[in-house]
Amino acid sequence: MAQAPNPLIGGGNRRGVLSAVARVVHRSGARRPPSRPDRPAQLHALAEVLADAVGEQTVADLTIAGCGEPGPVPGVVARTAGRQAVHYLHIAARLRALPADGDVALLRERALRLVLYHQWMLRQSANFAFTSHPDGRTEEARQRINGLGAPGNRLRELYEEVSSTAGRAGRPGGGG
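What you see is a predicted model, and the numbers here were worked out from it, not measured in a lab. (Residues numbered from 1 in each chain as written. Predicted model: local features only at pLDDT ≥ 70, side-chain atom pairs only at ≥ 80, totals over all residues. Heavy atoms only, no water.)

### Side note on the overall build of the chain
Note the threshold: Helix numbers and strand numbers start at the N terminus; a helix is a DSSP run of H or I with at least 4 residues, a strand a run of E with at least 2. Any two residues whose heavy atoms approach within 4.5 Å at even a single point are treated as in contact. Only the protein chains shown count as cover for residues, with accessible areas throughout obtained via the Shrake-Rupley method and a probe of 1.4 Å.
For the chain, the helix and strand inventory stands at seven helices and zero strands. Ordered by position in the sequence, the α and β elements of the chain form the string α-α-α-α-α-α-α. Look at the contacts in the chain between residues 6 or more apart in sequence, and 81% of them connect residues 24 or more apart. Of the roughly 11200 Å² of accessible surface on the chain, 57% is carried by carbon and sulfur atoms.

Right, here's the structure in full:
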């Protein structure tokens, strides 16, 4: 059985068609990935996310300290701890999504570790405060909880470092 010529191939010239298709695909091009922001833009984006993380610290610190107060812990503390933990998970996702190269990537990783510590501390504090099987050891450990402590200070210091570096990098001749 004879095959009918394919009108798209134009008289059976497959090589010519494949060549034409290859040229069209090549010209339209595999889309190039968008260019990454330069270092000053990366620093400014990181500083913006860190500002949000530091802005959440006061509520997080008070909530964690509230989990360590003697006596029964009010239910509002559990709800606040849950909300704050979710805020920090969202901030962690934003940090992961930031394009970062070189030293900015290292700063972003430090920020991510600190933000995830904040989220973990909120969750663990609430677990201690609202355990279904309290005992003497758990209660003693719970009452030693008094806030974010040194990691909270380190997050604020990192924010100040990044925002200061971003400010210098954004100025002409500032090393961007």
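That shown, we press on.
### A short note on the environment of Asp-103
The line we're drawing: The cut-offs for exposure are 20% and 50% of the maximum accessible area for each residue type, with area from a 1.4 Å probe on protein chains only; residues under the lower value are buried, those over the upper are exposed, and the others partly exposed.
Structurally, the position occupied by Asp-103 is in helix α5 (residues 102-129). A relative accessible area of 35% means that Asp-103 is categorised as partly exposed. Note: C-alpha distance between Asp-103 and Leu-43 (60 residues apart in sequence) is 9.7 Å.

### Digging into the packing of helix α4 (residues 75-97) against α5
Angle between the axes and distance between the axes: these two values describe a pair of packed helices. For the record, the criterion: Where helices are involved, their axes are fitted lines through C-alpha atoms of the stretch in contact, as for all axes, and angles between N-to-C directions lie from 0 to 180°. Throughout this description, any angle smaller than 35 degrees is read as roughly parallel, any larger than 145 degrees as roughly antiparallel, any in the 65 to 115 degree range as roughly perpendicular, and the remainder as oblique. Whether a crossing is left-handed or right-handed is set by the direction in which the near helix is turned from the far one by less than a right angle, anticlockwise for left-handed and clockwise for right-handed. Following the grouping adopted for this structure description, the nonpolar residues are Ala, Val, Leu, Ile, Met, Phe, Trp, Tyr, Cys and Pro, the charged ones are Asp, Glu, Lys and Arg, and the polar ones are all others, Gly among them.
Relative to each other, α4 and α5 sit at 160°, their axes nearing to 9 Å. Here α4 is positioned roughly antiparallel relative to α5, judged by the angle of their axes. Crossing handedness for the pair α4 and α5: left-handed. Every residue of α5 that contacts α4 at Ala-81, Gln-84, Ala-85, Tyr-88, Leu-89, Ile-91, Ala-92, Leu-95 and Arg-96 is listed here: Arg-108, Ala-111, Leu-112, Val-115, Leu-116, His-118, Gln-119, Leu-122 and Ala-126. Grouping the amino acids of the contact of α4 with α5 by side-chain chemistry returns 13 nonpolar, three polar and two charged.

### Let's talk about the confidence of the model for the chain
Any residue range with low pLDDT should be treated as having predicted coordinates unsuitable for detailed reading. Condition: The predictor attaches a confidence to each residue, and that confidence, scored 0 to 100, is pLDDT.
In the predicted model, the chain carries a mean pLDDT of 86, and the fraction of residues at 70 or more is 77%. The element-level mean pLDDT for the chain is lowest in helix α1 (residues 14-28), coming to 62, with α4 highest at 97.

### A few points about the environment of Glu-48
Among the secondary structure elements, Glu-48 is positioned in helix α2 (residues 39-55). Judged by its relative accessible area of 53%, Glu-48 falls in the exposed class. Along the primary structure Glu-48 and Val-162 are separated by 114 residues, whereas in three dimensions their C-alpha atoms are 9.5 Å apart.

### Some words on the packing of α2 against α5
Two elements in contact, α2 and α5, have axes whose closest approach is 10 Å; the angle formed by their N-to-C orientations is 10°. Judged by the inter-axis angle, α2 sits roughly parallel to α5. For the pair α2 and α5, contact is made by Arg-39, Gln-42, Leu-43, Leu-46, Leu-50 and Ala-53 and by Asp-103, Val-104, Leu-107, Arg-108, Ala-111 and Val-115, respectively. A class-by-class count of the residues in the contact of α2 with α5 yields eight nonpolar, one polar and three charged.

### Quick notes on the pattern of salt bridges
The test is simple: Whenever Lys or Arg places a side-chain nitrogen within 4 Å of a carboxyl oxygen from Asp or Glu, that contact is recorded as a salt bridge.
A full pass over the atoms with the stated rule returns seven salt bridges. Taking the shortest distance from any N to any O, the salt bridge between Arg-36 and Asp-101 comes out at 3.1 Å. Of this pair, Arg-36 sits in the loop between α1 and α2 while Asp-101 sits in the loop between α4 and α5; the two residues are 65 residues apart in sequence, bridging distant segments of the chain. What makes Arg-36 partly exposed here is its relative accessible area of 47%. In this structure, Glu-139 engages Arg-142 in a salt bridge whose closest nitrogen and oxygen atoms are separated by 2.5 Å. With Glu-139 and Arg-142 both in helix α6 (residues 136-142) and three residues apart, the pair spans about one turn of that helix.

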